[in-house]
Every structure is written in structure tokens, then in C-alpha cells.
Amino acid sequence: MLFAIGLWLGSAGAAFGQEGEEKAREGTRWFVRTEPFAPLIADPLETQIRGAIVSAKLDLEGLEGADSSAVELLEGWNAQAQVAIGYRQNVVQFQDETASRPAIAIGLEAGVLSRFLLETSQRDFISADFRVGVPFQITWSGWEGRFEILHMSSHFGDDLFDRLGIANTQVTFDGLQVVAARRLIPQLRLYVGGNFNFHTNPGVEKLAAQWGVEWDKSEVDGDGHVFPLIAADFRITDETERVAGTALAGATFRISRTRLQLAVRGHFGPSTIGKFRDFDEDFIGLNLRIIP
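The structure displayed is predicted, hence computed values, not measured ones. (Residues numbered from 1 in each chain as written. Predicted model: local features only at pLDDT ≥ 70, side-chain atom pairs only at ≥ 80, totals over all residues. Heavy atoms only, no water.)

J.: Hey, could you run me through the overall build of the protein chain in this one?
T.: Counting its regular elements, the protein chain contains three helices and 13 strands. With 292 residues in all, the protein chain has 49% of them scored as buried. Pairs at least 24 apart in sequence give 59% of the contacts found in the protein chain among residues at least 6 apart. With an accessible surface of roughly 13900 Å², the protein chain has 64% of that area assigned to carbon and sulfur atoms. (Helix = DSSP H or I, 4+ residues; strand = E, 2+ residues; numbered from the N terminus. Buried < 20%, exposed > 50% of the residue type's maximum accessible area, 1.4 Å probe, protein only. Contact = heavy atoms within 4.5 Å. Areas by Shrake-Rupley, 256 points an atom, 1.4 Å probe, with all protein chains shown as cover.)

What follows is the structure, encoded as C-alpha cells:
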């Protein structure tokens, strides 16, 4: 199906090209380096390249059938590693933004978000969330939007579930995600959005609302090498009916075309770990993100 879509898009397009240092051109372009809609900074489920070492506490009260000693290990404050490896590509840029028209693009993303328990000698693998999406993006005059067909599945570590003594089940959903954003000034972005998941496992939300704020001048300013960074993301679902929040505070460092975001990262409220998404989790630690 994707091949057929590519043929259809190609018939409407003009020329192939890389953006590089070239000025914006008329017509369809393929595999442009930048995206009209920058990825959300603090969203814990966003496709990124990042790693974090955190101190975390997961409240597993009410987890049926779990070994009590293993639950105590996870419930108390413990050291964890968070690793996200993903790739995003602006596949087709239909047009660039001008004073009279918006930028319009379709992209492709795939990523893995994993967690590890560092308190055990074998560094128990907790879970991995796999994300695949096709985002349609549009931006114009400070307004930004992203409409995405999204698949996510969470797979859990055998070591952890053997330790807990409970069934190792997969959590999956397919759905639509919509995010609308406004840049009040170039470095300040506010956004709201939501998910409608039309295929889910039992216990996975059908509906979710999301909102957040970001301050990152490096996203829109090519001058300078160090920029302050503040971002917060909040989410509530029809399953938990409780707010989950993730926030970062730090700095963005520009090295040539690459940006490094070094920040303190914290979370409260329902966990993003698949099977544990009904349980509250707190964590805080140091986060490093790489933006090629």
C-alpha cells in the first residue's frame, strides 16, 4: 500500500531533492532533512534519540498474583535506565511555508522506548514500547498541526515477569493522534492534542487528551551554541482518569548541525510502561537527547 501511495505522490510531484543549504523551491520534494512540525520535547512516548538515568518509584498496590518481594523492589525508589532509539523522516514535502501558504508534508517514524532496572545484577529488562507512525504535518504563520496514523505495542522483559511471577502479556493499540500547536513567539510553543485508539487490548485507553508547553530557542534560531530548555507534557486517559506529567529543564547545545539537549527529567502520575499504565509512577534523573 505504501508503494502505491508513493507512486501516486510521485505523479503529483515535481523534482527530487535534498534541502541542504538550498533555498525553498516550488513543487514536491522528497526526503527533506527538516520537518515542519518539530517533535514534542517532553512527551515520553515521542520518537527521539535519548537516554536517561533516573531514580524511580512505581506504586504496584493491587497488582494481582505478583510476588511480594519483587513488588517491593519496584515500589521503592530504585535506579533505572531509559533508552529511546528512533528515526523520523520527512518523506514528502509538498510545499514550503510562505506568507500566503502553509508548509505541508508527510513523514514516517519508527522507534523503540525501553526501560531497564539497574538495581539487579543482570539489569532486568522492564519493557520496550515500539512506535510506528505516518504523520501528516502542516504549519503556517505560527500555527502548527500534526495528524498521525499511529501503532504502538509494549513488550515486557522476561526477567522482570519471572521475578514478579505474573503473565507476560503484550499491550497494543492502533489509533489516530492529533496535535495542534501555537508559537506565541518563535521559541515558545503551546500545544493540545488527543488520541482516538480504535484497536486496543483490554485495559488500554480508547481516548486520551494531551497538552503541553515548550521553550527551546535552538529550534528556530541558528545563531549561538547554548540555549535554555524548558518543556512540560501532561496527559489524561479514559482508563486512569488521572493526570500524568513529564517535564524537563536544562539546556540545548548546538554543535554544527547536531543539537544535544541535557536536562533534568521528571515524571508523576500514571506510568507509561505498558502493563503498568494503570499504576502511578514517579521518577527524576538526568536526560540526554541527540537531535541530528
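Having seen the model, we can carry on.
J.: What is the right way to look at the environment of P36 in this model?
T.: In this fold, P36 is placed in the loop between β1 (29–32) and β2 (50–58). Look at P36 and you get buried, because its relative accessible area is 17%. Placed 101 residues apart in sequence, P36 and Q137 show a C-alpha to C-alpha distance of 6.5 Å. Once residues within four sequence positions are removed from consideration, P36 is found in contact with N90, Q93, A103, A105, Q137 and T139.

J.: What's the story with a nonpolar patch on the surface in this structure? I'm lost.
T.: Nonpolar side chains collect at one region of the surface, where V226, F253, L262, V264, I284, L286, L288 and I290 lie side by side and expose about 670 Å² of accessible area between them. Listing elements by their share of the nonpolar patch, those giving two or more residues are β12 (258–268) and β13 (281–291). A per-element tally of the nonpolar patch places β13 first, with four residues. Inspection of the secondary structure puts I284 in strand β13. The class of I284 is partly exposed, set by a relative accessible area of 48%. (Patch = residues over 30% accessible without salt bridge, like charges linked within 9 Å, V, L, I, M, F, W, Y side chains within 5 Å. Salt bridge = Lys/Arg side-chain N within 4 Å of Asp/Glu carboxyl O.)

J.: Teacher, can you tell me more about the nonpolar core here?
T.: In globular proteins that are soluble, nonpolar side chains generally tend to be buried together. Formed by 21 residues in total, the largest nonpolar core has its most connected members in L60, L160, L164 and F276. Going through the elements one at a time, α2 (68–75), β6 (143–156), α3 (158–164) and β7 (171–185) are the ones with two or more residues in this core. Residue contacts for L60: discarding those within four places in its chain leaves V71, L74, E75, F276 and F279. (Core = buried A, V, L, I, M, F, W, Y, C linked by side-chain atoms within 4.5 Å.)

J.: Where do I start with the pairing of strand β11 (residues 244–255) in this structure?
T.: In regular strands, side chains alternate between the two faces of the sheet. With 10 bridges connecting them, strand β10 (residues 226–237) and β11 associate as antiparallel partners. The partner of D233 across the bridge, within β11, is T246. If you look at the hairpin formed by β10 and β11, you'll find six residues sitting between the two strands, and E241 has a positive phi there, around 55°. Here β11 runs beside β12; their pairing, made up of 11 bridges, is antiparallel. Paired with T252 across the strands is Q261, a residue of β12. A loop of two residues connects β11 with β12, the two strands running antiparallel in sequence, and S256 in this loop sits at a positive phi of about 55°. (Pairing = 2+ DSSP bridges.)

Any link to function would need more than the numbers given here.
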